[in-house]
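Analysis of the macromolecular model
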8 protein chains.
Amino acid sequence: MSGKSGKRVAVLLGSASDKPVMEAAFEILTEFGVGFAGRVLSAHRTPEEVVRFVREAESGGVEVFICGAGMAAHLAGAVAAHTTKPVLAVPLESGGLGGLDALLASVQMPGGIPVAVFAVGRAGAHNAALFAVQCLALADEELASRLAGHREAQREKVRRDDGELQRELGDGK
Amino acid sequence: MSGKSGKRVAVLLGSASDKPVMEAAFEILTEFGVGFAGRVLSAHRTPEEVVRFVREAESGGVEVFICGAGMAAHLAGAVAAHTTKPVLAVPLESGGLGGLDALLASVQMPGGIPVAVFAVGRAGAHNAALFAVQCLALADEELASRLAGHREAQREKVRRDDGELQRELGDGK
Amino acid sequence: MSGKSGKRVAVLLGSASDKPVMEAAFEILTEFGVGFAGRVLSAHRTPEEVVRFVREAESGGVEVFICGAGMAAHLAGAVAAHTTKPVLAVPLESGGLGGLDALLASVQMPGGIPVAVFAVGRAGAHNAALFAVQCLALADEELASRLAGHREAQREKVRRDDGELQRELGDGK
Amino acid sequence: MSGKSGKRVAVLLGSASDKPVMEAAFEILTEFGVGFAGRVLSAHRTPEEVVRFVREAESGGVEVFICGAGMAAHLAGAVAAHTTKPVLAVPLESGGLGGLDALLASVQMPGGIPVAVFAVGRAGAHNAALFAVQCLALADEELASRLAGHREAQREKVRRDDGELQRELGDGK
Amino acid sequence: MSGKSGKRVAVLLGSASDKPVMEAAFEILTEFGVGFAGRVLSAHRTPEEVVRFVREAESGGVEVFICGAGMAAHLAGAVAAHTTKPVLAVPLESGGLGGLDALLASVQMPGGIPVAVFAVGRAGAHNAALFAVQCLALADEELASRLAGHREAQREKVRRDDGELQRELGDGK
Amino acid sequence: MSGKSGKRVAVLLGSASDKPVMEAAFEILTEFGVGFAGRVLSAHRTPEEVVRFVREAESGGVEVFICGAGMAAHLAGAVAAHTTKPVLAVPLESGGLGGLDALLASVQMPGGIPVAVFAVGRAGAHNAALFAVQCLALADEELASRLAGHREAQREKVRRDDGELQRELGDGK
Amino acid sequence: MSGKSGKRVAVLLGSASDKPVMEAAFEILTEFGVGFAGRVLSAHRTPEEVVRFVREAESGGVEVFICGAGMAAHLAGAVAAHTTKPVLAVPLESGGLGGLDALLASVQMPGGIPVAVFAVGRAGAHNAALFAVQCLALADEELASRLAGHREAQREKVRRDDGELQRELGDGK
Amino acid sequence: MSGKSGKRVAVLLGSASDKPVMEAAFEILTEFGVGFAGRVLSAHRTPEEVVRFVREAESGGVEVFICGAGMAAHLAGAVAAHTTKPVLAVPLESGGLGGLDALLASVQMPGGIPVAVFAVGRAGAHNAALFAVQCLALADEELASRLAGHREAQREKVRRDDGELQRELGDGK
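What counts and what doesn't
- Residues numbered from 1 in each chain as written.
- Chains lettered and ligands numbered in written order.
- Predicted model: local features only at pLDDT ≥ 70, side-chain atom pairs only at ≥ 80, totals over all residues.
- Heavy atoms only, no water.
- Helix = DSSP H or I, 4+ residues; strand = E, 2+ residues; numbered from the N terminus.
- Buried < 20%, exposed > 50% of the residue type's maximum accessible area, 1.4 Å probe, protein only.
- Contact = heavy atoms within 4.5 Å.
- Areas by Shrake-Rupley, 256 points an atom, 1.4 Å probe, with all protein chains shown as cover.
- Lys, Arg positive; Asp, Glu negative; His and termini not counted.
- Charge placed at Lys NZ, Arg CZ, Asp CG, Glu CD.
- Least-squares fit on C-alpha atoms with pLDDT ≥ 70 in both.
- Phe/Tyr/Trp six-rings, centres within 6.5 Å; stacked < 30°, edge-to-face > 60°.
- Pairing = 2+ DSSP bridges.
- Right-handed = clockwise from strand over helix to strand, strands pointing away.
- Buried area = accessible area lost by both parts, 1.4 Å probe.
- Salt bridge = Lys/Arg side-chain N within 4 Å of Asp/Glu carboxyl O.
- Polar contact = N/O pair within 3.5 Å; in protein donor to acceptor, adjacent residues only side chain to side chain.
- Nonpolar A, V, L, I, M, F, W, Y, C, P; charged D, E, K, R; others polar.
- Domains from an automatic or database assignment.
- Axes fitted to C-alpha atoms, helices over the stretch in contact; angles between N-to-C directions.
- Parallel < 35°, antiparallel > 145°, perpendicular 65-115°, else oblique.
- Left-handed = near helix turned anticlockwise from the far one by under 90°.
- Expected span 1.5 Å × (residues − 1).

Things to note about the overall build of chain A
Looking only at helices and strands, chain A features six helices and five strands. Tracing chain A from N to C terminus, the helices and strands come up as β-α-β-α-β-α-β-α-β-α-α. Projecting the C-alpha coordinates of chain A onto the three principal axes gives extents of approximately 65 × 45 × 30 Å. The buried share of chain A, taken over its 173 residues, is 66%. The contacts in chain A between residues at least 6 apart in sequence include a share of 66% that link residues at least 24 apart. About 5,500 Å² of surface is accessible on chain A, with carbon and sulfur atoms providing 51% of the total. Here chain A contributes 18 positive and 21 negative side-chain charges, whose respective centroids are spaced 3 Å apart.

A short note on the relation of the copies chain A and chain C
Superposition record for chain A on chain C: RMSD 0.0 Å, screw rotation 90°, translation along axis 0.0 Å. Seen this way, the second copy is the image of the first under a four-fold rotation axis. Different-surface contact between copies: only 5% of interface residues of chain A are shared with the interface of chain C.

A closer look at the packing of aromatic side chains
Within the structure shown, the criterion is met by 24 aromatic pairs over all chains. Ring geometry for A:Phe131 and F:Phe131: centres 6.0 Å apart, planes at 35°, overall tilted. Placement of the pair is A:Phe131 in helix α5 (residues 122-137) and F:Phe131 in helix α5 (residues 122-137), with the two residues belonging to separate chains. Residue A:Phe131 is classed as buried on the basis of its relative accessible area of 0%. With a centroid separation of 6.5 Å and 85° between ring planes, the pair formed by D:Phe53 and D:Phe65 is classed as edge-to-face. Here D:Phe65 lies in strand β3 (residues 64-70) and D:Phe53 lies in helix α2 (residues 47-59), a separation of 12 residues in the sequence. We note that D:Phe53, like D:Phe65, is buried. Aromatic ring contacts, followed pair by pair, group A:Phe118, A:Phe131, F:Phe118 and F:Phe131 into a single cluster.

Some details on the pairing of strand β4 (residues 87-92) of chain H
All names here are of chain H. The buried fraction of β4 amounts to six of the six residues, a majority that puts the element mostly inside the structure. Side-chain alternation along β4 places Val-87, Ala-89 and Pro-91 on one buried face and Leu-88, Val-90 and Leu-92 on a second face that is also buried. In this structure, strand β3 (residues 64-70) lies alongside β4, joined through six bridges in parallel fashion. By the bridge assignment, Cys-67 is partnered in β4 with Ala-89. Handedness of the β-α-β unit built from β3, helix α3 (residues 75-80) and β4 comes out right-handed. With two bridges joining them, β4 and strand β5 (residues 116-117) adopt parallel strand pairing. For Leu-88, the partnering residue across the bridge sits in β5 and is Ala-116. Following the chain from β4 across helix α4 (residues 100-107) to the adjacent parallel β5, one finds a crossover that is right-handed.

A few points about the relation of the copies chain F and chain A
Overlaying chain F on chain A yields an RMSD of 0.0 Å, the required transformation being a rotation through 180° with an accompanying axial translation of 0.0 Å. The relationship between the two copies is best expressed as a two-fold rotation axis. In this assembly the copies share their binding face: 100% of the residues contributing to the interface of chain F also contribute to that of chain A.

Focus on the interface of chain F and chain A
At the interface, 39 residues of chain F touch 39 residues of chain A. Of the roughly 3,200 Å² buried at the junction of chain F and chain A (both faces included), carbon and sulfur atoms supply 60%. Where chain F meets chain A, there are zero salt bridges. There are 18 residue pairs in polar contact (both at pLDDT 80 or more) connecting chain F and chain A. Breaking the side of chain F that touches chain A down by element, the ones donating at least two residues are β4 (87-92), α4 (100-107), β5 (116-117), α5 and α6 (141-168) of chain F. If you tally residues by element for the side of chain F that touches chain A, the top one is α5(F), at seven residues.

A few points about the interface of chain A and chain C
On the side of chain C, 17 residues touch chain A, which itself brings 19 residues to the contact. Taken together, both faces of the contact between chain A and chain C bury some 1,500 Å²; the carbon and sulfur share is 60%. In terms of surface lost to chain C, no three residues of chain A exceed A:Val40, A:Arg45 and A:Leu97, which account for 32% of the buried area on that side. At the surface where chain A touches chain C, the tally comes to three salt bridges. In this structure, the salt-bridge partner of A:Arg39 is C:Asp162, at a minimum N-O distance of 2.7 Å. Between chain A and chain C we count five residue pairs in polar contact (both at pLDDT 80 or more) in total. Mapped onto the side of chain A that touches chain C, the elements with two or more residues apiece are α1 (19-31) and β2 (36-40) of chain A. No other element matches β2(A), which puts five residues into the side of chain A that touches chain C. Partitioned by chemical class, the residues of the side of chain A that touches chain C number nine nonpolar, five polar and five charged.

Some thoughts on the domain arrangement of chain A
Residue and element names in this part refer to chain A. For chain A, the assigned domains are domain 1 (9-138) and domain 2 (140-173). Distance from the C-alpha centre of domain 1 to the C-alpha centre of domain 2: 29 Å. Each side of the interface is counted separately: domain 1 has 12 residues, and domain 2 has seven residues. Between the two partners, domain 1 and domain 2, sit zero salt bridges. Of all elements in the fold, only α1 and α5 reach the threshold of two or more residues within the side of domain 1 that touches domain 2. At six residues, the largest contribution of residues to the side of domain 1 that touches domain 2 is made by α5. Counted by class, the side of domain 1 that touches domain 2 contains eight nonpolar, three polar and one charged residues.

Structural notes on the packing of helix α1 (residues 19-31) of chain F against α5(F)
Residue and element names in this part refer to chain F. It is the contact of α1 with α5, at a shortest axis distance of 7 Å, that shows an interaxial angle of 30°. Between α1 and α5, the angle is such that the two are roughly parallel. Crossing of α1 over α5 shows right-handed handedness. Taken together, the residues of α5 that come into contact with α1 (itself represented by Pro-20, Val-21, Met-22, Ala-24, Ala-25, Glu-27, Ile-28 and Leu-29) are Arg-122, Ala-125, His-126, Ala-129, Leu-130 and Val-133. Taken together, the residues that form the contact of α1 with α5 break down as 11 nonpolar, one polar and two charged.

Thoughts on α2(D)
Count 3.6 residues to each turn of an α-helix, and residues three or four apart come out pointing the same way. If you check α2(D), its first and last C-alpha atoms are 19 Å apart, about what 13 residues at 1.5 Å a residue would give, namely 18 Å. Those residues of α2(D) that sit buried are D:Pro47, D:Glu49, D:Val50, D:Val51, D:Phe53, D:Val54 and D:Ala57. Where the residues of α2(D) are buried, they touch α6 (141-168) of chain B together with β1 (9-13), β2 (36-40), β3 and α3 (75-80) of chain D. Of the residues trailing α2(D), D:Gly61 is marked for its positive phi of about 105°.

What about α6(B)?
The end-to-end C-alpha distance of α6(B) is 41 Å, a good match for the 40 Å that 28 residues give at a rise of 1.5 Å each. On its buried face, α6(B) sits against α1 (19-31) and α5 (122-137) of chain B, α3 (75-80) of chain C together with β1, α1 (19-31) and β2 of chain D.

Quick word on the arrangement of the chains
One finds no contact between chain A and chain D; the C-alpha atoms of the two approach each other to within 15 Å at their closest. When C-alpha atoms are compared, chain B and chain E, though not in contact, are closest at a spacing of 17 Å.

In structure tokens, the structure reads:
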């Protein structure tokens, strides 16, 4: 567990149907022992709850917001409009446009209200959570050292895959 | 002037720089004698003013909202989240993506919170205003009859252009 | 049921194969008690029937037209060319272009002939019907009050989903 | 001049502003001595004139229709809905989408109502006119022989350009 | 059968795997009694056979070429480079780009070498064949009259679908 | 000036030609009194310098990296591969693809190596720098309070623009 | 087997999951008897291994590098930054963007660091390997003659497919 | 000058208007002392000249072909169909599609006929020529050593730009 306790990250889902993808963020935060709140809140259907949650979350110690949403993905922008804490967006794919709609609706924010955007879908959810840990690690050496370990584990995974391919190709003697 | 007075349409601009394009909407509403308010309000920079304006506008008699915005154009969605009056969006072009960002950010609204979207840029601003008049004309015969006249004037314009082309080509004898 | 009876909305399908998606519009109109006609009419295969239908529909009391079509989706434009009532378009996905073809063919209408466009596919069909109700509600207080109730029900649905996620994550004590 | 006289090709412009591009079609038809009518007719603003023109044109001997239009380019589809003569479309660029809107709105016609589509802009207008001549040349040997000559002239032009480049590079001794 | 006998249309497939889609063209030509040759010929793998085939086909009476190809679809352009007969292209979908690659590779021909392009996939194959019949019908009254009958059959199909929908909705009494 | 001194942010430009756009980042960092280093470093032309710089920067106290690059924009990814500090990317427009190339090359990072992406061009450079300040402000109350002031100034700017528009339209009495 | 022995081509996979597609490259190199190394190496997760491998590979006699990667595909660029041997990229499809992300991230390299790009997916892997053989064949006549044989075999395959289609259509008598 | 004399590279332009962009290739080849032929040859207008040129070029010692073309860019594919030497393509921008048409028409080659594709426009022309030199350098040590020098010069250029930026920012003391 990190030096600070409590819920330091809020993970917002625009719809309950976004859970299978956004779970990748829950997993990373759990792995790093970073407390988080997971909420279903809609920029369009429950706009007042979004505002209220952002205010309460901030005063309750949330330091980073992660917002996953598809289509005309406005959730991250709506959160960013009410906080100066870092807001991260995960554009989600739905329908035939491959997530390009959610990507552009998230990333093309006007000057003054930053939203940090990650890849469409599961890789983006995974990376947004890792990035949230990176932000917290700026003032949390234990988290910083875990990040180094996590990076090393990734390297190991690639090395194992590499070894396996070489063995298959008869190169690994 | 229409049977009803007062400001029946609100035209919201996400930024003062959107005025040269959105003036096309002002012109149509003026031409039809429909009272309107023109406001600069930002979904991201002044979110509370947006909510307050929508509430006051509704109680003040505004029946239709037109929102022009570029990039990750969230203004129409933010307005639609706080009213069940018709909300119309005009996606605006800025930068190199040709307005595709604003178009997708406006049109791909999730089920439950409708936003009616028109063409990127000036044609869209013109048509959104005309469409607002069409909505009001459902219960305003004078407006309905003006719409018929406006349509006829368009036809006349095409006919004149057609006559001119035929004369140029030596067909119009 | 709404104060006005009869068929107030016409839902046009460019092809019988569009029914599974466009049923989302039938459902909303039925839920709100708004009378509607559902028709299969093709801008390209039965252009004269389209024109005849629009004329008869208007004189028969239809106030809003909803048109669902895929590919080079011209149905809404063809209807809009013959009426000054509000015309709503639902672009439908077919083939590999994800509905981008139908979206652009619907939304990029030239100045003078407005068509209000909604999201590609089922969300768009749902929202176009809701928007039609919003147009009618401008002069129908009963419908306006039902829209408020419908919006509240959406909020409730999000709140329930939110509660469920919090319970799953062990936050909902 | 071709064996048949009269206006064998109709060139329709969706708007007078399309003339500078569509003149490329006038030039080819004039060069081949094929009689043509040039008209400004709008699928949306003058739909009845379009239908009337197509009927009169057919009975007056028009064998091929060329339609130039931008944005949600429906003109060719509207013409094709009323004739079984070959209908050719030239998608025109306007605004920031580079003509992709007009291209998709023209080319993605549903099965049963063919429209033959050419490149966006001037190259497309030029080629649509050449293609119209190719259609007529199926039953007109004089036109067929002119097409062969025109093709040879293109080859000559490339050869001259090639010679000039080689001279510039010092290769052409 | 048409007034003229022999193979009047050549349908070229860039690959044997294109057959399931391009059969839509075979069906239309068979329905109209227009003789055709179906060939697998590759612009890239058998370029000389393409050239030889085009020459022999032309002298053998082929009047229209239809080319179906996917990816960087060059077949129609390669054929058009060797004939002044009408060349029609059907862009085929393969892989993740939804056929946009084949569409742009077919339609964006430079001025001077026209290729007439139809929709991506089966609708395009169907329409290209119908369009070929339209070209031949310019000088073949029997084909022209069959085209009129075919168009009427389409209308009937839409009318039946329309009747069925109305009955389902309880409107068709 | 912020509580911490020294260079806390590194702004990397893939090419000297990116300076006019990336200056928007310099301006924000200067405005907030956050020390920064500005460097021209190329992921492709000086890959070893990039690695060396990242290592030295980290040990020298840099906490956030901002990378501006166009085309196949790999700079942010290359930096992220060598640090677990937050890495922000600004995709830049060049040539005809409107920055879509740089956007996708930046945002679609694989799981494990996060890069936070902002809008294409100047708005993105501005927001990336603001976001860097937001990250630093997590542990720097003075910066946090300046961010609140900056947000308020934005609101004031919108309010002034709004007032001006209302005066122009005769609404601001 | 080619005149030169040893591993002349290195095939790098950005992830073990790319193997089913990149095997198309292994197959071609095996068919031509060109020795190759197959490795899993990630530009982002194992950047130092990439650099080390490129250096060792070059001194060990590798003459051409083939890199397959998806999403923000930086592997080929990272390799090209450390060698002046030919580097070939195969963009891979993953998620909803159809490989457009990997294509643009690979092909839009800035001036000075060339990467040769092939089609998205399996056709690209096949062609990149063939192209590597073409590069080696510049100084290896045996390989050159095998390439001619391979090309002839392709022609034969098309001819067989063509014959089969003609037989099916009853044309092949 | 390289060890081998004569014209080792052929640079083909689809149109004389491509010269201002393709000159970037001439410059690189001249800088490296690699003999080249520059030709204007059109896949569509002079297809036979293309075939003849490819055959003569090969027997005359050309080892690499570079083809620059815009729109439905088929030139590289047409050349690749007649040689097993490496063929490089430079997609050129023309009109509103930003070169996406030429890029897809070049890169999406079917399996069996490889074409190596570079960036749209001038950067691509520059890199294609550099890549041609890389291919030749596989068997030409003098060229290989020049490539190393050229790479070093690029590094120097970046270092100078970097120094200049640091001086401007007051960092370069």
